[in-house]
Amino acid sequence: MTLIAIVLATLAAGLGSVWVAAALMRTGIGGQGSRFGAQHLLSLAAGALLATAFVHLLPEAFESQINPKALFVVLLLGLVFFFLLDKAELWHHGHEHRHALPEERGHAHGGHAEGDRADGEHADGQHGHAHHHHGHTHNHSAGGWSLLTGDSVHCFGDGILIASAFMADRWLGIVAAISVLAHEVPHHMGDLVVLSGNGSRSQSKVALLKLSLAGAVTALGGVVGYFLVSSLADFLPYFLAIASSSFIYVALADLIPQLQRQLSAKQTVQQVVWLAIGMVVVSAVSTWAHGDHDHPGHAHGPAGQHEAHGADDAHGDHDGHKH
């Protein structure tokens, strides 16, 4: 039953994020002329990721019998790992850009100067996916497949993280899936822009199909994660700490830097509001689910045992007092 739930949740996160992104683009939401722009989507996603990591995944991990210091070390190493992974990906795309044919770069950007300027702007102001999306516009053919490969690997990792959350608690898995969906929507909007090329209807459909296939890899990651975590059940808290480090890194190193722009007071307030909405939505799902999650007898590790012994001691004292 858990495996089925993981497959459904990962498909909803992987495919759902692609289709939601396509629907938003079709309706004009998230565009520059829309009242609900990309900045709002990024704020919403950042809030959802941070709340999932700090309010749900990490507390669940720390309820285990594992030394908290060990979990903090894993969290730290996870952040460093994702930083190095991001650096490696940036190096790969920069290397690919330098080896692109001059006529291809000139055709896409109208000359070297424009292409170099575009890359420079994104390198200075943005990180992660947003940089990669725009960095590939110089070569739709090679860059498109490279982008899809990167997305597939990323989706596979998301699937493993969602599976890890499900193995701890099904509602925690649902919260993780919602957070993954939220932060992938703005990224997939950028992917669709790159893959659609000239924006013709046929090319847009092909782009949606390709990106949907990449998104479906999330389910494959979920299945692998299920069997991986099942065979390493004692290491589940570590998996949760790694999942937290991934969510924290994406929020702080990828999404929030894109929000750090000089804006009016009204726009800044809107960013904060949407950031809070992301946190509230994730927290609301967890709160609504707590009636089922915190059922009687549910206890984690020493804390739960302590509560049980405390109850027995209290019962014994009460009986002794009665006699």
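In this text, all values refer to a predicted model and were calculated from it rather than measured experimentally.

**Quick look at the overall build of the protein**
- Helices and strands together make up the secondary structure of the protein, namely 12 helices and zero strands.
- Helices and strands in the protein line up, N terminus first, as α-α-α-α-α-α-α-α-α-α-α-α.
- Residue burial in the protein is summarised as follows: out of 323 residues, 42% are buried.
- A sequence separation of at least 24 residues applies to 81% of the contacts in the protein between residues at least 6 apart.
- Surface exposure of the protein reaches about 16,800 Å², of which carbon and sulfur atoms provide 66%.

**With respect to the packing of helix H2 (residues 38-62) against helix H10 (residues 236-259)**
- It is at 9 Å that the axes of H2 and H10 come closest, and there the two elements cross at 155 degrees. Between H2 and H10, the interaxial angle falls into the category roughly antiparallel. In this structure, the crossing between H2 and H10 has a hand that is left-handed.
- Here the contact of H2 with H10 is built from residues that sort into 22 nonpolar, five polar and one charged.

**Focus: helix H9 (residues 201-231)**
- If you check H9, its first and last C-alpha atoms are 46 Å apart, about what 31 residues at 1.5 Å a residue would give, namely 45 Å.
- Along H9, the positions that sit buried rather than exposed are Ala207, Leu211, Ser212, Ala214, Gly215, Thr218, Ala219, Gly221, Gly222, Gly225 and Val229.

**Quick look at the packing of helix H8 (residues 170-196) against H10**
- It is the contact of H8 with H10, at a shortest axis distance of 12 Å, that shows an interaxial angle of 25 degrees. Taken together, H8 and H10 sit at an angle that is classed as roughly parallel. Handedness of the crossing formed by H8 with H10: left-handed. Residues Leu172, Ala176, Ser179, Val180, His183 and His187 of H8 touch H10, and the partners they reach there are Leu240, Phe247, Val250, Asp254 and Leu255.
- In terms of residue class, the contact of H8 with H10 is made up of seven nonpolar, three polar and one charged.

**Regarding the environment of Ile242**
- Structurally, the position occupied by Ile242 is in helix H10.
- Taking C-alpha positions, Ile242 is 8.1 Å from Leu161, a pair spaced 81 residues apart along the chain.
- When near neighbours in sequence (up to four residues on either side) are disregarded, Ile242 contacts Val74 and Phe82.

**Looking at the packing of aromatic side chains**
- Tallying each qualifying case throughout the model produces four aromatic pairs.
- Ring centres 5.3 Å apart and planes at 70 degrees place the aromatic pair Phe81 and Phe82 in the edge-to-face group.
- With relative accessibility at 17%, the residue Phe82 sits in the buried group.
- Centroid distance Phe235 to Tyr238: 6.0 Å. Interplanar angle 40 degrees. Geometry classified as tilted.
- The exposure class of Phe235 is partly exposed, given its relative accessible area of 45%.

**Examining the environment of Gln258**
- Mapping Gln258 onto the fold places it in helix H10.
- According to the relative accessible area criterion, Gln258 is buried, its value standing at 6%.

**Some points on the side chain of Ser246**
- Mapped onto the secondary structure, Ser246 falls in helix H10.
- Apart from residues lying up to four places away in sequence, Ser246 is in contact with Phe82 and Leu161.

So, how was this worked out
Residues numbered from 1 in each chain as written. Predicted model: local features only at pLDDT ≥ 70, side-chain atom pairs only at ≥ 80, totals over all residues. Heavy atoms only, no water. Helix = DSSP H or I, 4+ residues; strand = E, 2+ residues; numbered from the N terminus. Buried < 20%, exposed > 50% of the residue type's maximum accessible area, 1.4 Å probe, protein only. Contact = heavy atoms within 4.5 Å. Areas by Shrake-Rupley, 256 points an atom, 1.4 Å probe, with all protein chains shown as cover. Axes fitted to C-alpha atoms, helices over the stretch in contact; angles between N-to-C directions. Parallel < 35°, antiparallel > 145°, perpendicular 65-115°, else oblique. Left-handed = near helix turned anticlockwise from the far one by under 90°. Nonpolar A, V, L, I, M, F, W, Y, C, P; charged D, E, K, R; others polar. Expected span 1.5 Å × (residues − 1). Phe/Tyr/Trp six-rings, centres within 6.5 Å; stacked < 30°, edge-to-face > 60°.

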